[in-house]
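# An overview of the molecular structure
So the chains spell out like this:
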Amino acid sequence: MKVHGVLETSIYVDDLQVAVDFYRRLFEFEIMAEDQRFCAMNAGDRSVFLIFKRGATHTAAHLEGGVIPPHDGDGPVHFAFAIERDDLQQWEERLVAAGVAIESRMHWPRGGESLYFRDPDNHVLELATPGIWPMY
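Just so we're clear, the structure is a prediction, and the values are computed from it rather than from any experiment.

### Structural notes on the packing of aromatic side chains
Applying the stated criterion to the full structure yields 13 aromatic pairs. An angle of 20 degrees between the planes, with centres 5.5 Å apart, marks the rings of Tyr12 and Phe52 as stacked. You can see Tyr12 sitting in strand S1 (residues 8-13) and its partner Phe52 sitting in strand S4 (residues 48-53), a full 40 residues away along the chain. Accessibility expressed as a relative area gives 12% for Tyr12, which makes it buried. Given the relative accessible area of 7%, Phe52 is considered buried.

### Some remarks on the pairing of strand S7 (residues 78-82)
Strand residues, when the strand is regular, have side chains that alternate between the two faces of the sheet. Residues of S7 alternate between two faces, with Phe79 and Phe81 buried on one and His78, Ala80 and Ala82 left unburied on the opposite face. Pairing analysis gives five bridges linking S7 to strand S10 (residues 124-128), with the strands arranged parallel. By the bridge assignment for S10, Ala80 is matched with Glu126.

### Remarks on helix H1 (residues 16-27)
Each α-helix winds once per 3.6 residues, and so residues spaced three or four apart point in a common direction. Helix length check: H1 (twelve residues) gives 16 Å between terminal C-alpha atoms against 16 Å at 1.5 Å per residue, within 8%. The set of residues buried in H1 consists of Leu16, Ala19, Val20, Phe22, Tyr23, Leu26 and Phe27. For H1, the angular spread of buried residues about the axis comes to 160 degrees, placing them on one side. Among the residues of H1, the N-terminal cap falls to Asp15, whose side-chain oxygen and the backbone nitrogen of Gln17 are separated by 3.2 Å. Just downstream of H1, Glu28 is the residue with a positive phi angle, here 60 degrees.

### Remarks on the layout of surface pockets
Of the voids in this model, the largest pocket is the one considered here, and its volume is about 950 Å³. If you go around the largest pocket, you meet 28 residues; those closest to its centre are Val6, Asp45, Ser47, Ala80 and Ala82. Secondary structure elements with two or more residues in the lining of the largest pocket: S4, S7 and S10. No other element matches the four residues that S7 contributes to the lining of the largest pocket. Counting contributing residues, the lining of the largest pocket receives three or more from each of domain 1 (1-56) and domain 2 (76-135).

### A look at the UniProt feature "domain: VOC" (unreviewed entry) in the chain
The feature "domain: VOC" (unreviewed entry), as annotated in UniProt, sits at residues 5-130 in this numbering. Taken end to end, residues 5-130 comprises 17% helix and 40% strand; its first and last C-alpha atoms sit 17 Å apart.

### So, the sheet that holds S7
The four strands lie next to each other as S7-S10-S9-S8, forming an open sheet whose pairing is mixed. The open sheet has two free edges, formed respectively by S7 and strand S8 (102-107), since each of these has just one partner strand. Adjacent strand axes in the sheet meet at a mean angle of 20 degrees when their direction is disregarded. Strands S7, strand S9 (113-118) and S10 of the sheet are contacted by H1, whose axis makes an angle of about 15 degrees with S10. The strands touched by helix H2 (residues 88-97) within the sheet are S8, S9 and S10, with S9 carrying the most contacts at an inclination of about 15 degrees.

Rules used in this analysis
- Residues numbered from 1 in each chain as written.
- Predicted model: local features only at pLDDT ≥ 70, side-chain atom pairs only at ≥ 80, totals over all residues.
- Heavy atoms only, no water.
- Phe/Tyr/Trp six-rings, centres within 6.5 Å; stacked < 30°, edge-to-face > 60°.
- Helix = DSSP H or I, 4+ residues; strand = E, 2+ residues; numbered from the N terminus.
- Buried < 20%, exposed > 50% of the residue type's maximum accessible area, 1.4 Å probe, protein only.
- Pairing = 2+ DSSP bridges.
- Expected span 1.5 Å × (residues − 1).
- Arc of directions from axis to C-beta.
- Polar contact = N/O pair within 3.5 Å; in protein donor to acceptor, adjacent residues only side chain to side chain.
- 1 Å grid on protein atoms, 1.4 Å probe; cavity = no way out; pocket = protein on both sides within 12 Å on 5 of 7 lines; lining within 4 Å.
- Points joined across faces, edges and corners; volume = space filled by probe spheres on them.
- Domains from an automatic or database assignment.
- UniProt positions renumbered as here; feature names shortened; annotations may be inferred.
- Axes fitted to C-alpha atoms, helices over the stretch in contact; angles between N-to-C directions.
- Contact = heavy atoms within 4.5 Å.

Next comes the structure, spelled out in structure tokens:
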């Protein structure tokens, strides 16, 4: 038995529609499911990006197939999206064109590079090229 990777990454936001619009505009993620409390987006290779309205998941969700336990989060979090090294400049240009400030850059000892910026809820996003971890 082994884990095959992280399937879902979740963030909690104050304004669900503002957040959904930000991620769709910037990353062109496909919406797979949504309602008044969340949005599930396809973030690439077997990866689901979940955006929850803060406070909307304090009670269990009773669905046809079972129950999802209550959960929530507070404060800014950090996560990274993997990108191709050759696309780094285009991503930087896209961020600038979208009016998204690049907060910092990192050149990693293994040769990878990262761009850091924030979303409307102050979460710290990273776009990372191969060469930041031994397996990436």
